[in-house]
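Structural features, examined
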Amino acid sequence: MTVAVEELTVRYGRRVVLNGLDLALDTGVHGLLGPNGAGKTTLMRVLATVAPPNGGGVRLLGSAITGEKELRAVRRQLGYLPQTFGFYPRFTVREFVEYFAWLKEMPAARIPVAVDRALERVGLLDRADDRMKTLSGGMQRRAGIAQAIVNDPRLLLLDEPTAGLDPEQRVAFRSLLRELGVDACVLVSTHLVEDVAVACERVSLVDGGRLVFSGTPAQLAAAGGDGDAGDSAIERGYTAVLRAARA
Amino acid sequence: MIGRILRIELRHGSAALAALATAVGLTWVLVANPAQWVGQWGGLAVYLRMCLLVLCPLFLAAGAWQAGRDRRARTVELLGTVPRPAWHPMLTGWAAVTLGGLCGLALPLLVAAAMTARLATYAGPGWWGPLPTVPIGLAAASALGVLIGRRFPGRFTAPVAGLALYVGLALPAYFPDSRWAVLSPATDEFRSYVLWPASFHTWQAAWLGLLAAVFLLLATRRWWAAVVPAALAGTLLVALPPDEPAEDPGALALVCTERAPRVCVTRINEFLLPDVDAVLRPGLERLAGIPGTPVEAVEENARRPGGHRPGTAWFSLLDQATLTGGVARRDWLETTFRSSLGDDGCPPPPDSTGDPVEDASWRTELAAFLWMEGDPPPELTALPGQRQREWIGRVFAASRACDRAELARLALS
């Protein structure tokens, strides 16, 4: 398993954000759904090795992170786009991605080609020499995705990656996700269930700090009925699962 | 690859801002006080050390600004997921702002060096001695900025910390005799005609280099590693450097006009001699032939304690050079020259108001002063020419002898 989480607990002060969560992910594109405050971003931060768990076990890329050596080894194979994506506004797009390739300890000889490839995959190669601050919000987000994938990560964590993307860009992004999911474990946290329906092979639904559903998008859609709220089958399934979990 | 990352930081990181700030800062202090350095290699080196009073706070602010960049750019979380140790980008950022700031100094320095080369009449040995400490002191300041910026990454940290360092560096100016002033990279203890031993400059460079290492290691939270340079720096504190500056006789050698009456300046100020001669010669020529009056005017820097020379009038060239190499304040130069004609070491006369109306001795001195200016009072011009000159000679003799009674007797009205 690329990601194996058991009984994961995370607290912020006295508030329990993740409460004994179990999750297992392997190669492929996985959607992470849940209402606001369900714990999605906290889970992503734990998997990105930013936030330490208060309890439970986390194994990433086959190893438990017990020391600095394992942590660095995992981080070299990690790609992460945080929900609040920051950047250096005066850097060009190429410089920004190059800088993160260096931070990810990629071999120097590989960096120029890898940067161009990442920018090409997100459709920003023609804007590579523009400064980050001159890009639109959607383009900045795509630059964020480029830095996340520049090292060809085995574990790619994308928190709200389609925020700010126009419909055409979202279609292209879904195609990119499918491409990335061939060799890597991609976890996409989103509110947009239609993105999950189209691009993800599996979907996990979190509510109240617990995993309340894990299956394929089709299984999630099948969980809903005509009486459930939603404009599509998967949205109805989403509301049905949440209602059942809270019952 | 590190070279490529450094180039990125230099071009588009905080380094560019640091370069601009230091270029403007140095240009400002150079233009504001040209008399300190124009035409003197030693003066330029010494003044650059004084400029650290402004440049160190700028470098510190640049370091603090660089260290707070990740928080301002909201990249802290993303950086928390990368394998490269945090001190790598921190050190790169520090190197970039330091290099950027130094590059910013290059243009104004080159212009100042070109202006100095055009005018300088003396270089002498070891004039560059204070220079190597400059980049080391600035690197230490930016390292301190990085340390502060990482601990307090707010937007106001850089200006507040810069201002605090400015105040801190200015403090030794209020305690000029303190031996601890040598700890500061910014000093006004140096003079362009005074040479400090190489061991002194080496001590200062080592002290500041060790400080930079301590600051950087503390910024990366390597507490134990910081102990070594801190201990070495402590050792240096115990053994303060030798405080034995020596005047450079070559710099203070006199260069004089060929024709009498002679006007002499020190060799480091030789480029001012034509202007000085033009200002002082009329006064000297007016005195020519009058017994007891000066036959030459000599720059004050060459005066030695007890070196009283009756035939010499002294003048000061302190803060006198303009950017183009001329004398800045001709009237002040004339005034210092005239005031040295009498013995300015005389005690002030008791019960004197200094009012020429009430005090006859003052009336005498004022009349002599006006004669020197070429605008003698009517009671003096009423005398025959030869009598006027005799009268002036007696006034100067009484003045040099501090004989107020004789001056009062010489009053013409």
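As annotated in an unreviewed UniProt entry, chain A carries the name ABC transporter ATP-binding protein and is attributed to Actinoplanes flavus. Chain A has a UniProt comment under Sequence similarities (unreviewed entry) that states "Belongs to the ABC transporter superfamily."

1. Here's the deal with the packing of helix α7 (residues 133-151) of chain B against helix α9 (residues 198-219) of chain B
Each packed pair of helices is defined by two parameters, the angle between the axes and the distance between the axes. Residue and element names in this part refer to chain B. With their axes 8 Å apart at the nearest point, α7 and α9 run at an angle of 20 degrees to one another. As the angle between them shows, α7 and α9 are arranged roughly parallel. Crossing handedness for the pair α7 and α9: left-handed. Packed against α7, whose contacting residues are T133, I136, G137, A139, A140, A143, L144, V146, L147, R150 and R151, the element α9 presents H201, Q204, A205, L208, G209, A212, F215, L216, L218 and A219 at the interface. Split into classes, the residues belonging to the contact of α7 with α9 amount to 14 nonpolar, five polar and two charged.

2. Regarding unusual backbone geometry
Of note, the bond from A260 of chain B into P261 of chain B is cis; its omega dihedral lies within 30 degrees of zero at -10 degrees. Mapped onto the elements, P261 of chain B comes out in the loop between β3 (254-256) and β4 (262-266). Of note, the phi angle at L61 of chain A is positive, near 55 degrees, even though the residue is not glycine. The topology assignment puts L61 of chain A in the loop between β4 (55-60) and β5 (63-64). Positive phi outside glycine occurs at E105 of chain A, with the angle close to 60 degrees. Tracing the sequence through the fold places E105 of chain A in the loop between α3 (93-103) and α4 (111-121).

3. Some details on the sheet that holds strand β6 (residues 78-81) of chain A
All names here are of chain A. Reading across from one edge, β6-β7-β8-β3-β9-β10 is the order of the six strands in this open sheet, with mixed pairing throughout. The open sheet is flanked by β6 and β10 (210-215), the only strands paired with a single partner. Taken over all neighbouring pairs, the strand axes of this sheet differ in orientation by 15 degrees on average, direction set aside. Of the strands in this sheet, β3 (28-33), β6, β7 (155-159) and β8 (185-189) touch helix α1 (residues 40-47), which is tilted by about 150 degrees from β7. Relative to the sheet, helix α5 (residues 137-149) contacts β6 and β7, its axis offset from that of β6 by approximately 165 degrees.

4. As for the sheet that holds strand β5 (residues 296-299) of chain B
Residue and element names in this part refer to chain B. Spatially, β3-β4-β5-β6 is the arrangement adopted by the four strands of the open sheet, whose pairing is mixed. The open sheet is flanked by β3 and β6 (312-315), the only strands paired with a single partner. Direction aside, the axes of adjacent strands within the sheet are offset by 25 degrees on average. As judged from the four bridges shared by β5 and β6, these two strands associate in the parallel manner. Counterpart to E296 in the pairing with β6 is T312. Set on the sheet, helix α12 (residues 273-287) makes contact with β3, β4, β5 and β6; between it and β4 the angle comes to about 145 degrees.

5. So, the state of the cysteines
All names here are of chain B. Per the stated rule, a full pass over the model turns up one disulfide over all chains. Disulfide partner of C256: C264, at an S-S distance of 2.0 Å. Looking down the S-S bond of the C256 and C264 bridge, the torsion is 110 degrees, so its handedness is right-handed. Cysteine C56 shares no disulfide, and the gap to the nearest cysteine sulfur, in C51, comes to 11 Å. We note that C103 lacks a disulfide partner, and the nearest cysteine sulfur, in C56, lies 17 Å from it. Look at C103 and you get exposed, because its relative accessible area is 52%.

6. Quick word on the pattern of salt bridges
Residues and elements named next belong to chain A. Counted under the stated rule, the structure contains 26 salt bridges over all chains. Note that D152 is salt-bridged to R117, the shortest N-O span being 3.1 Å. Of the two residues, D152 sits in the loop between α5 and β7 while R117 sits in helix α4, which places them 35 residues apart along the sequence. Given a relative accessible area of 40%, D152 falls into the partly exposed group.

7. Quick look at the domain arrangement of chain A
Residues and elements named next belong to chain A. According to the domain assignment, chain A consists of domain 1 (3-77 + 153-246) and domain 2 (86-152). Each partner contributes residues to the interface: domain 1 has 19 residues there, and domain 2 has 12 residues. For the pairing of domain 1 and domain 2, the buried interface totals around 1,300 Å² over both sides, and the portion due to carbon and sulfur atoms is 53%. Per-residue buried area on domain 1 facing domain 2 is highest for R76, P153 and L176; these three make up 37% of the total on that side. Here domain 1 and domain 2 share three salt bridges between them.

8. Overview of the packing of helix α1 (residues 2-12) of chain B against helix α6 (residues 87-119) of chain B
All names here are of chain B. The geometry of α1 relative to α6 is characterised by a closest axis approach of 9 Å and an angle of 55 degrees between their N-to-C directions. In this view, α1 runs oblique relative to α6, as classed from their interaxial angle. In this structure, α1 meets α6 at a crossing whose hand is right-handed. Of α6, the residues touching α1 (which contributes I2, I5, L6, E9 and L10) are T92, A95, A96, L99 and G100. Here the residues of the contact of α1 with α6 sort into seven nonpolar, two polar and one charged.

9. A word on the layout of surface pockets
In this model, the largest pocket occupies a volume close to 640 Å³. Broken down by secondary-structure element, the contributors of at least two residues to the lining of the largest pocket are α2 (68-76) and α3 of chain A together with α3 (41-67), α4 (69-72), α5 (76-79), α6 and α7 of chain B. Counting residues per element, the lining of the largest pocket draws most heavily on α2 of chain A, which supplies four residues. For the lining of the largest pocket, a count of residues per class yields 14 nonpolar, five polar and nine charged.

10. Description of empty space enclosed by the protein
Residues and elements named next belong to chain B. With the rule as written, the count across this model stands at two cavities of 30 Å³ or more. Forming the boundary of the largest cavity are 20 residues, of which G126, W127, S192, V194 and L195 lie nearest the centre. Sorting the residues of the lining of the largest cavity by element identifies α3 and β1 (194-195) as the ones contributing at least two each. Here the lining of the largest cavity gets three residues from one element, more than from any other, and that element is α3. For the lining of the largest cavity, a count of residues per class yields 12 nonpolar, six polar and two charged.

Quick notes on the rules
Residues numbered from 1 in each chain as written. Chains lettered and ligands numbered in written order. Predicted model: local features only at pLDDT ≥ 70, side-chain atom pairs only at ≥ 80, totals over all residues. Heavy atoms only, no water. UniProt positions renumbered as here; feature names shortened; annotations may be inferred. Axes fitted to C-alpha atoms, helices over the stretch in contact; angles between N-to-C directions. Helix = DSSP H or I, 4+ residues; strand = E, 2+ residues; numbered from the N terminus. Parallel < 35°, antiparallel > 145°, perpendicular 65-115°, else oblique. Left-handed = near helix turned anticlockwise from the far one by under 90°. Contact = heavy atoms within 4.5 Å. Nonpolar A, V, L, I, M, F, W, Y, C, P; charged D, E, K, R; others polar. Pairing = 2+ DSSP bridges. Disulfide = S-S within 2.5 Å. Buried < 20%, exposed > 50% of the residue type's maximum accessible area, 1.4 Å probe, protein only. Salt bridge = Lys/Arg side-chain N within 4 Å of Asp/Glu carboxyl O. Domains from an automatic or database assignment. Buried area = accessible area lost by both parts, 1.4 Å probe. 1 Å grid on protein atoms, 1.4 Å probe; cavity = no way out; pocket = protein on both sides within 12 Å on 5 of 7 lines; lining within 4 Å. Points joined across faces, edges and corners; volume = space filled by probe spheres on them.

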